[in-house]
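# Structural features, examined
So you can see what is in the structure, the chains are spelled out below.
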Amino acid sequence: MRRGSIVQLIVIGVLAGAVASAVALIPNWLPTSASREAGRIDFVFWFVTGICIFVFSIVAAVIIYAVWKFRAKPDDDSDGPPIHGNTGLEIVWTAIPTMLVTAIAIVSAIVLAKDDAAGANPLRVNVYAQQFFWSYTYPGFGNKPSVILRLPVNRSVVLTMHAKDVLHSFWVPEFRQKQDLVPGLTPTLHITPDRVGTYPLICTELCGLGHALMRSRVIVMQPDAFERWAARKGP
Amino acid sequence: MTSIAEHERDPVQHGPPRPPGGLRRLLYPGFLRAAWMTPLFFGIGCGIVVLARWWGGWHPIWLGEIIVLVGALTAAPVGFLAGIGAFDYWVRYAIGSPTEPEDHSGHGAYSWKDYFRVNTDHKVIGMQYLATTIFFFLAGGLLAMLVRAELAKPGMQFFDNQTYNGLFSVHASLMIFLFVIPAFAGLANFVVPLMLGAPDMAFPRLNALSYWLLPIAGIMMLSSFAAPGGAFAAGWTGYAPLSIHQPMGTIFFNMGVQWAGASSIMTALNFLVTIITMRAPGMTFWRMPLLVWANFTTSLLVVIATPFIAGSQFFVMFDKVMHTHFFDVAGGGYPLGYQHIFWFYSHPAVYIMMLPGFGIASEVISVFSRKPIFGYRLMALSLMAILVLGFSVWAHHMFVSGMAPWLRVPMMITTLMIAVPTGIKVFSWLATIWEGKLNFATPMLWAVGFVSMFVIGGLSGIYLGAVPIDIHTSDTYFVVAHIHYVLFGGSLFTIFAGIYYWFPKMTGRQYNEKLGKLHFWLTFVGFNLTFFPMHLIGTQGMPRRVSDYAPQFGTWNLFISIASFALGASTIVFLYNMVTSMRRGAPAESNPWRALTLEWQVSSPPPIFNFDEIPQVVGNPYEYGVPGARHAVLNGDRAATDTEVRSH
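Residues numbered from 1 in each chain as written. Chains lettered and ligands numbered in written order. Predicted model: local features only at pLDDT ≥ 70, side-chain atom pairs only at ≥ 80, totals over all residues.

## Notes on the overall build of chain B
Along chain B, the regular secondary structure elements total 20 helices and two strands. Its C-alpha atoms give chain B a radius of gyration of 25 Å, near enough to 26 Å, the size a compact globule of 648 residues would have. Across its three principal axes, chain B shows a C-alpha extent of roughly 75 × 65 × 45 Å. Here chain B holds 648 residues, and 59% of them are scored as buried. Counting contacts in chain B only where the partners sit at least 6 residues apart, residues at least 24 apart contribute 80% of the total. (Helix = DSSP H or I, 4+ residues; strand = E, 2+ residues; numbered from the N terminus. Rg over C-alpha atoms; globule rule 2.2 N^0.38 Å. Buried ≥ 20, exposed ≤ 12 C-beta atoms within 10 Å, placed from the backbone. Contact = placed C-beta atoms within 7 Å.)

Following this line, the structure appears as structure tokens:
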């Protein structure tokens, strides 16, 4: 390849990378982060995004350059150069993706292990899902029932999931964490809310007629306000 | 082969024998016989149910759901198949009657009517497949339009929740089981025997039967809208226990999958035997076109994986109608068991829906770049790598399902590793077009469009493969965007590439190039405007499979709906082009693309038994630009040189 072509190719790649970066940075891709787990998950998200922009730029540059430069003229019936392969190149494009996905796997596995570990003295809450609403009990507070999930800020929470009829899924986009509720199983989910506020809770596993409306909210409160609420009798 | 050549010269003795007149016509295989055998078998099915229930003392003796299941969804289709004559030869053989000598009367098409009977010609069957699958593609597409109409605004517009859930469930099921999988089978049915230098598939009668199972499956899924309680509404994934507690429509899905799955398995067996045993002399495995390699690996996937979805749907149906407890906790069942069995098929199914497309893209990109495919052997080996790895990743659909937590990291590693062979394919296509003499005729537009869209779908797959990101995005619109980039930008784009590429070969006429390009650009733009924003609303918090959503997503959803209608409208250009070109297009040359593979070395459309003389394969299929290189030696051509015969 001539030096001019390499420069053109790199310019196209940089432009493609710039467009992809703009798409990644300008819209608000992720909702507000309201838990420690969310911060870590967002890190993986942007780590993968960086790698994807890199790969996308290379592929886009090659396609755009090829479409631009290698178009045959209408009366040109000749064939291209009979290149059958290039072992060195093939090793490179096997090895580099292997390294990139290995990096993603390692980062993901570390974040997953951290998100799976509950902090010291966690607040335990039982989550119950049935067609089509959510309810909760707080075993540490005399099994206090509630129909709204209230959590104290900056305290590790272990949610134990119970499904009464079919599959449901517990998702608070601001927490990034999600867990299916399965009849007969009691999987757990760890969340450490770190931002006071009210967030939507959405059922993300098709559960029948009212699935779309099986939405609720989660209220993250100051610890003293939470303690006062939890000590009150009744729901 | 001389006898074949003689048949060729005398088409009069071909075609179906004239049907007998009078009442004997009722016994002659065809739609008339099907018209009475279908109700007869339905009656037999009902009789079995009534007898069994009476004998067992179960009440009521006449139970609608069981009657529909046994009578309408099991026995009646068998009656229909028997009526049109799909079993005639085997039945005659089994009861010991003298079998009729094969006179090829069921082979080839001499008028449009020959496409509506049991035909054993792989080319006719290929066309039957394509016409049928395009019909169900249109039906599935219209359902998608209804889904987008409902989603244009937050709140409920046109449908109630159950109907809406039915719309997207049937949309997905038709697109997967009645369009993408069988459309690839149809293209391969037409092309693979020709590419191998074979006169037909290994088992032509089985091939005919595989086709006729398809319309049964499709009609079953569509007609579930007429069932009491509406269409099946638990998604195409039909997760238990929800699917068990759904109205009767669910069993239409359970049984539809059985018929489509049986069709798939039979075709795959047929491809395997054909590819292994019917290659022309000199056609070694390393000389097979990549489309044949792709269908070889796909067929292995189908044969190994499809029985699992058949099992999963039977178990759901047994739980529903026979009160077993496979997935019912109260009776000791295990709901996650369903997901494991289901995805053990349905993840490999993603590759069943993609590998044949890889094959088509390889053919088209090499021919329209006028260059050998880059890294041919690694291309074939990466297909095999995807086949093997494809069976070790199913639980990545279940990262949030509540399965054993330790299973997530190993499944993530295998999932991410699949990016490597897939990447090899993408980079090899790019290297193939590099320095080529690119001709952007319609098939090439679709093929390059496929590569670019598939890259985006592959990259969003990396996000979903990384467990922490998947936990956030699972069951959101991000997943909807991802699967459409892979199955629409991937599978459908390559199906279009294949249809345009082989259109001259199949019909003997050339399609309209301008309309073909218009179709591509409308689809390409409409596709990206429709599906790219779905990534964004997904990560922002919009779940999938909802008829109503939070008002904050209203603007994007309206935008997506409008774009999707434009995307839907682009299909009209395709249909118009196909119909008018088939009737009035310019006659096609035998090899308009100057390709080397065997199907282009015979007339367009090919002769009834493909080759007047079996070709001798002497070289690789993609030797563009190699002076004097030949793939095969056919009739009248200079005989193979000694070096060509020896050099494998």
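## Concerning the overall build of chain A
Tallying secondary structure elements over chain A gives four helices and ten strands in all. Listing the helices and strands of chain A from first to last along the sequence gives α-α-α-β-β-β-β-β-β-β-β-β-β-α. Whereas a compact globule of 235 residues would reach a radius of gyration of roughly 18 Å, chain A reaches 26 Å, over 25% beyond that. Reported as C-alpha extents along the three principal axes, the dimensions of chain A are approximately 85 × 35 × 30 Å. Per-residue burial for chain A yields a buried fraction of 34% across its 235 residues. Sequence-distant contacts, at least 24 apart, represent 73% of the contacts inside chain A between residues at least 6 apart.

## Some words on the sheet that holds strand β6 (residues 168–171) of chain A
Residues and elements named next belong to chain A. Ordered in space as β4-β10-β9-β6-β7, the five strands form an open sheet in which the pairing is mixed. Each edge of the open sheet carries a strand with a single partner, namely β4 (149–152) and β7 (178–181). When the angles between neighbouring strand axes are averaged without regard to direction, this sheet yields 25 degrees. Summarising the sheet, β6 and strand β9 (residues 197–203) pair through two bridges and their orientation is antiparallel. (Pairing = 2+ DSSP bridges. Axes fitted to C-alpha atoms, helices over the stretch in contact; angles between N-to-C directions.)

## A word on the domain arrangement of chain A
All names here are of chain A. For chain A, the assigned domains are domain 1 (3–70 + 85–116) and domain 2 (123–231). Here domain 1 and domain 2 have C-alpha centroids that lie 35 Å from each other. Taken together, the eleven residues of domain 1 in the interface contact 14 residues of domain 2. Mapped onto the side of domain 1 that touches domain 2, the elements with two or more residues apiece are α2 (36–69) and α3 (87–116). Here the element with the most residues in the side of domain 1 that touches domain 2 is α2; it accounts for four residues. Looking at the side of domain 1 that touches domain 2 residue by residue, the classes come out as four nonpolar, three polar and four charged. (Domains from an automatic or database assignment. Nonpolar A, V, L, I, M, F, W, Y, C, P; charged D, E, K, R; others polar.)

## Observations regarding the nonpolar core
Residues and elements named next belong to chain B. Ranked by internal contacts, the top residues of the largest apolar core, which has 271 residues, are Ala-217, Ala-361, Val-364, Leu-430, Ala-447, Val-451 and Ala-497. When residues of this core are assigned to their parent elements, the largest contribution, 23 residues, is made by helix α6 (residues 161–196). Not counting the four nearest positions on each side in its chain, Ala-361 is found in contact with Trp-429, Ala-447, Phe-450, Val-451, Thr-494 and Ala-497. (Core = buried A, V, L, I, M, F, W, Y, C linked by C-beta atoms within 7 Å.)

## Considerations on the interface of chain A and chain B
Each partner contributes residues to the interface: chain A has 69 residues there, and chain B has 75 residues. Mapped onto the side of chain A that touches chain B, the elements with two or more residues apiece are α2, α3, β7 and β9 of chain A. Sort the elements by how many residues they give to the side of chain A that touches chain B and α3 of chain A lands first, with 15 residues. Here the side of chain A that touches chain B is built from residues that sort into 43 nonpolar, 15 polar and eleven charged.

## Describing the pairing of β9 of chain A
In this sheet, strand β10 (residues 215–221) of chain A lies alongside β9 of chain A in antiparallel orientation, the contact comprising six bridges. For Ile-202 of chain A, the partnering residue across the bridge sits in β10 of chain A and is Arg-215 of chain A.

## Some remarks on the domain arrangement of chain B
Residue and element names in this part refer to chain B. If you check the domain split of chain B, you get domain 1 (23–94) and domain 2 (112–584). Listed by partner, the interface residues are 15 residues for domain 1 and 14 residues for domain 2. For the side of domain 1 that touches domain 2, the leading source of residues is helix α3 (residues 64–84), giving ten residues.

## Digging into the sheet that holds strand β2 (residues 133–138) of chain A
Residues and elements named next belong to chain A. As summarised here, the arrangement of the five strands in space is β3-β2-β1-β5-β8, forming an open sheet in which the pairing is mixed. Two strands in the sheet have a free side with no partner beyond their single neighbour: β3 (144–146) and β8 (188–191). Averaged over neighbouring strand pairs, the angle between their axes works out to 25 degrees when direction is ignored. Looking at chain direction, strand β5 (residues 157–163) and β8 are connected through four bridges and run antiparallel. Each residue of the ladder has a partner; that of Val-157, found in β8, is Ile-191.

## Observations concerning the environment of Leu-27 of chain B
Tracing the chain through its elements places Leu-27 of chain B in the loop between α1 (2–9) and α2 (31–56). Exposure remark for Leu-27 of chain B: the 12 C-beta atoms within 10 Å place this residue in the exposed category.

## Details of the packing of helix α9 (residues 290–321) of chain B against helix α10 (residues 335–352) of chain B
Residue and element names in this part refer to chain B. Packing of α9 against α10 leaves a shortest axis separation of 8 Å and a crossing angle of 150 degrees. Between α9 and α10, the angle falls in the class roughly antiparallel. By crossing handedness, the relation of α9 to α10 is classed as left-handed. Contacts between α9 and α10 pair Thr-298, Leu-301, Val-302, Ala-305, Thr-306, Phe-308, Ile-309, Gly-311, Ser-312 and Val-316 from the former with Tyr-338, Ile-341, Phe-342, Phe-344, Tyr-345, Ser-346, Pro-348, Ala-349, Tyr-351 and Ile-352 from the latter. Residues that form the contact of α9 with α10 fall into these classes: 15 nonpolar, five polar and no charged. (Parallel < 35°, antiparallel > 145°, perpendicular 65-115°, else oblique. Left-handed = near helix turned anticlockwise from the far one by under 90°.)

## A look at the packing of helix α12 (residues 376–389) of chain B against helix α14 (residues 419–433) of chain B
All names here are of chain B. Viewed as axis vectors pointing N to C, α12 and α14 meet at an angle of 155 degrees, and their least axial separation amounts to 9 Å. In terms of axis orientation, α12 runs roughly antiparallel to α14. Crossing of α12 over α14 shows left-handed handedness. Where α12 abuts α14, its residues Leu-378, Met-379, Ser-382, Ala-385 and Ile-386 lie against Pro-421, Thr-422, Ile-424, Lys-425 and Ser-428. Residue composition of the contact of α12 with α14, by class: six nonpolar, three polar and one charged.

## Topic: the environment of Tyr-485 of chain B
All names here are of chain B. For Tyr-485, the position within the fold is in helix α17 (residues 477–507). A count of 25 C-beta atoms within 10 Å places Tyr-485 in the buried class. Along the chain, Tyr-485 and Phe-532 lie 47 residues apart, while their C-alpha atoms are 8.5 Å from each other. In this structure, Tyr-485 is in contact with Met-453, Ile-456, Gly-457, Ser-460 and Phe-531, ignoring residues within four places of it in sequence.

## Things to note about α10 of chain B
All names here are of chain B. Here α10 spans 26 Å end to end across 18 residues, near enough to the 26 Å set by a 1.5 Å rise per residue. Its maximal kink placed at Trp-343, α10 deviates by approximately 35 degrees. Here α10 lies mainly inside the structure; 16 of its 18 residues are buried. (Expected span 1.5 Å × (residues − 1). Bend = angle between axes of the 7 residues up to and from the residue.)

## Examining unusual backbone geometry
Residues and elements named next belong to chain B. Of note, the amide linkage connecting Ala-240 to Pro-241 takes the cis form, showing an omega dihedral of 5 degrees. Mapped onto the elements of the fold, Pro-241 is located in the loop between α7 (204–223) and α8 (249–277). Residues Ser-604 and Pro-605 are joined by a peptide bond in cis, for which omega reads -10 degrees. Along the chain, the position of Pro-605 falls in the loop between α19 (554–584) and β1 (616–617). Positive phi, normally seen in glycine, also occurs at Arg-370, with a value near 55 degrees. Take Arg-370: it is sitting in the loop between α11 (355–369) and α12. Residue Arg-370 is classed as buried on the basis of its 22 C-beta neighbours within 10 Å. Of note, Glu-435 is a non-glycine position whose phi angle comes to about 65 degrees, a positive value.

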